[in-house]
There are 2 protein chains.
Amino acid sequence: MERIYNFSAGPAMLPQEVLEQARDELLNWHGCGMSVMEMTHRGKDFSAIIAQAEGDLRELLNVPANYKVLFLQGGATMQFAQIPLNLLAGRSADYIVTGAWSKKAFKEANKVGSARLVATTEASNFTRLPQKAEISFDPDAAYLHVCTNETVHGVEMHDISALEASVPLVADMSSHILSRPVDISQYNLVYGGAQKNIGPAGLTLVIVREDLLGRAPANIPTMLDYAVQAENGSMLNTPPTYSIYIAGLVFQWLKKQGGLAAMEQTNIAKAKLLYETIDTSCLYHNPVEPACRSRMNIPFTLNKPELDESFIAEAKKQGIVSIKGHKMVGGMRASIYNAMPLEGVQALVSFMQDFENQYG
Amino acid sequence: MERIYNFSAGPAMLPQEVLEQARDELLNWHGCGMSVMEMTHRGKDFSAIIAQAEGDLRELLNVPANYKVLFLQGGATMQFAQIPLNLLAGRSADYIVTGAWSKKAFKEANKVGSARLVATTEASNFTRLPQKAEISFDPDAAYLHVCTNETVHGVEMHDISALEASVPLVADMSSHILSRPVDISQYNLVYGGAQKNIGPAGLTLVIVREDLLGRAPANIPTMLDYAVQAENGSMLNTPPTYSIYIAGLVFQWLKKQGGLAAMEQTNIAKAKLLYETIDTSCLYHNPVEPACRSRMNIPFTLNKPELDESFIAEAKKQGIVSIKGHKMVGGMRASIYNAMPLEGVQALVSFMQDFENQYG
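Residue numbers restart at each chain and count upward from 1, following the sequence in its written direction. Each chain gets a letter, beginning with A, and each ligand a number, beginning with 1, in the order they are written. With pLDDT at 70 or above as the cut-off, local features in this predicted model cover only qualifying residues; side-chain atom pairs require 80 or more to be listed or tallied, and sums for whole chains, interfaces and linings still use all residues.

Turning our attention to the overall build of chain A. Looking only at helices and strands, one finds nine helices and 14 strands in chain A. Restricting the calculation to C-alpha atoms gives the radius of gyration, and the globule rule supplies 2.2 Å times the number of residues raised to the power 0.38. Taking 2.2 N^0.38 as the reference for a compact globule, 360 residues should give roughly 21 Å; the C-alpha atoms of chain A span a radius of gyration of 21 Å, in line with that estimate. Taking the principal axes of the C-alpha coordinates as reference, chain A spans close to 65 × 60 × 30 Å. Considering chain A as a whole, with its 360 residues, one finds that 54% of them fall into the buried category. For chain A, the proportion of contacts with a sequence separation of at least 24, taken over those separated by at least 6, is 70%. Numbering of helices and strands runs from the N terminus, with a helix taken as a DSSP run of H or I at least four residues long and a strand as a DSSP run of E at least two residues long. Residues are called buried when their C-beta atom has 20 or more other C-beta atoms within 10 Å, exposed when it has 12 or fewer, and partly exposed otherwise; all C-beta atoms are positioned from the backbone. Here contacts are defined at the residue level, using C-beta atoms placed from the backbone and a cut-off of 7 Å between them.

Next up, the structure:
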């Protein structure tokens, strides 16, 4: 069987070239006689791998010199706690809730510390983003937290001009980081789980401005202290070495594609094709306001929900899998991260049109 | 270049058959059209992978039914904090310090909570284990923590009869788990980083008796709450899926070798060969009391430390790498986990004898 088009929200498709290289050097990396999985993280081979990965990532995202890049573990969910534990310092933080993931982040911040809800679009079923006038910032907040792309609800912040807070800006970019250029200097801390646009699950990326380091209380778990991780180059203990290696291969692949500006053009074309198909059909529907629609996660429902199961089964026959929507939203969801080729979206669109012609 | 003999303390060698299988199915697992790295963790394929891994591990270690098996992240170092955060419940815990790793665990427990040092062999440079009479247990302790194999100092608890405490027993088994049969029912919580005898770095195994669940305070990070992880089958969020898959292949390999009783015989033979070579030589020396010597991590010094660099360089020419000792102990260290074949130890011993004949 051929490789298929996998529309999973994460873990998700990886570039085939990356997987082929990983396969070819799995038992013997660059003639060193061992797999990357077997290498001591303190040796020169792995030191070169992690340094190259960090350097390529800094280049791709144009990370300013006064930001640390950390390769951590635990996913965005660990960050939901780690961020307030490091940054609150006895104060409260502001949270904007625009979907399932920022809602979880807000809840966790209130579990381990104190957080204030400064805007939510839950009453609109998370189909839009809040206007600036709807947000009541606290000038004394330790930070403002946002999720710039909501994986479940398919809402993306294409600009952040509504976020003119005077406090540090913290952004969960898990599901759209590296999909387009972003001005890191507008943020004080950016984070994301790897399993969408970076690499395998089990790796978490944190990019943090140096002035936020060192605010953690004395009784924080050492592993969760950003300052300690930064001092140790993400190697306080053994990092997830193989995941970092695969992420490094993804970064090299992105550079070969022309970097993030080129990726953005492809991602715009992919999303446009799918949204146009949805919007011009009589069977499919996406509820999100056009200006807030995600290029990465595109939920859509069928006007005849009794067709959902047939849609999924017929899609699978065409090599289109993991298309079922999240249970909170229902229907379908197509996650079309960097590694999903335009051909994959074309195959999906073609299938959707055939399906509508047959059953719609 | 051929694959070499890697004596690293971790990440460490993996069985070649495991790596070959991982390579062969890297782009397309069991004909599903995708890599295990790309699979949603909520789908039936990955559900089968993790269920098989847990089932095989339970069979190998004969884990009683009233213990949960958790696949977590953050390594043993995260556990050093997670254990007291979950189990202290406002009390203090007892720690026995027998080397670098239990010393770190004790320090971290005192950072996030309260811990009492009930015995230490630091005055003997961690070359022995404490006698029962040297240990002053606290009958009100929340638990007693030990490290049953000290990776840096090469000290292993071959029996735990000195630990007749009346409180729950917690053991860091990172560097010798799966190297021999162990009676899990003698422990209340057992844990280990994967990167020695289990699989790739980035995966942490916790085996915990159910009655220890649910003791965490309300403000603990959700990711660190054992009860929540147990309720969610280690999938509160995306687990380190690829590392779990590789660990599962290692478990299947162990079963094919005849299980842990068979592995123990091989490990005894490997360790005996190396210790006898050290003890009968005039050049090499291991300082640990024979009854406490580790079968997994064997540190040794050269009586002529000026030969250290030559030893390492000459070894490398023979395909023997990562043999340099930890800086706390100096000299050399051979870590000979399950995946190190007897032939690897024979090659090391043969090289050591040749080196002694030439330079000793």
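With that settled, consider the sheet that holds strand β14 (residues 332-335) of chain A. Residues and elements named next belong to chain A. A strand pair is defined by DSSP finding two or more bridges across the two strands. As summarised here, the arrangement of the three strands in space is β11-β12-β14, forming an open sheet in which the pairing is antiparallel. Edge positions in the sheet fall to β11 (284-285) and β14, since each of these pairs with one other strand and no more. Note that strand β12 (residues 297-302) and β14 share four bridges and pair antiparallel. Within β14, the residue paired with P299 across the bridge is R333. Axes here mean lines fitted to C-alpha atoms, for a helix over just the part in contact, with angles spanning 0 to 180 degrees between N-to-C directions. Sheet strands in contact with helix α7 (residues 259-279) are β11, β12 and β14, and its direction is about 15° off that of β12.

So, on to the sheet that holds strand β3 (residues 93-97) of chain B. One key point about sheets: their strands pair by backbone hydrogen bonds, in either a parallel or an antiparallel sense. Residues and elements named next belong to chain B. With mixed pairing, the seven strands of this open sheet are ordered in space as β2-β10-β9-β8-β5-β3-β4. Two strands bound the open sheet, and with one partner strand each, they are β2 (67-72) and β4 (115-120). If you compare each strand with its neighbour and ignore which way they point, the axes differ by 20° on average. The pairing of β3 with strand β5 (residues 144-147) spans two bridges and is parallel. Within the sheet, the bridge partner assigned to D94 lies in β5 and is L144.

So, about the pairing of strand β9 (residues 189-193) of chain A. Residue and element names in this part refer to chain A. With five of five residues buried, β9 lies mostly within the body of the structure. As judged from the three bridges shared by strand β8 (residues 169-172) and β9, these two strands associate in the parallel manner. By the bridge assignment, A171 is partnered in β9 with V190. As defined by bridge partners, β9 adjoins strand β10 (residues 204-209) across five bridges and the pair is classed as antiparallel. Counted as the bridge partner of Y191 is V206 from β10.

Moving on: the relation of the copies chain B and chain A. A least-squares superposition brings the copies together, and it is based on the C-alpha atoms of residues with pLDDT no lower than 70 in both. Under the fitted operation, chain B is carried onto chain A by 0.0 Å of movement along the axis and a turn of 180°, and the coordinates agree to an RMSD of 0.0 Å. Put plainly, the chains are arranged around a two-fold axis. Across chain B, the smallest distance between a C-alpha and the rotation axis is recorded for R23(B), namely 2.5 Å. When the interface residues of chain B are mapped onto chain A, 100% of them again fall at the interface, so both copies present the same face.

Turning next to the pairing of β8(A). Of the strand pairs in this sheet, strand β5 (residues 144-147) of chain A and β8(A) are connected by four bridges, and their pairing is parallel. Note on β8(A): the bridge partner recorded for L144(A) is L169(A).

For the rest of this paragraph, the subject is the packing of helix α1 (residues 16-24) of chain A against helix α6 (residues 241-256) of chain A. Residue and element names in this part refer to chain A. Closest axis-to-axis distance for the α1/α6 pair is 9 Å, and the angle between their directions is 135°. With respect to α6, the element α1 is oriented oblique. Between α1 and α6 the crossing geometry is right-handed. Contacts from E17, V18, Q21 and A22 in α1 reach I246, L249, V250 and W253 in α6. For this scheme, ten residues count as nonpolar: Ala, Val, Leu, Ile, Met, Phe, Trp, Tyr, Cys and Pro. Four count as charged, namely Asp, Glu, Lys and Arg, and the remainder, Gly too, count as polar. Per-class residue counts for the contact of α1 with α6 are six nonpolar, one polar and one charged. We call two directions roughly parallel when the angle between them is under 35 degrees, roughly antiparallel when it is over 145, roughly perpendicular when it lies between 65 and 115, and oblique otherwise. Each crossing gets its handedness from the near helix: less than a right angle anticlockwise from the far helix is left-handed, clockwise is right-handed.

Moving on, we get to the domain arrangement of chain A. All names here are of chain A. Domain borders in the structure are assigned automatically or taken from a domain database. Segmenting chain A into domains produces domain 1 (16-256) and domain 2 (259-359). Between the C-alpha centres of domain 1 and domain 2 the distance comes to 27 Å. Mapped by element, the contributors of at least two residues to the side of domain 1 that touches domain 2 are β7 (155-156) and α6. The residue inventory of the side of domain 1 that touches domain 2, partitioned by class, reads eight nonpolar, 10 polar and five charged.

To continue, consider the interface of chain B and chain A. Of the residues lining the interface, 56 residues belong to chain B; the matching set on chain A comes to 56 residues. The set of elements that each furnish at least two residues to the side of chain B that touches chain A consists of α1 (16-24), α3 (75-87), α4 (100-112) and α6 (241-256) of chain B. Its residues assigned to classes, the side of chain B that touches chain A comprises 24 nonpolar, 25 polar and seven charged.

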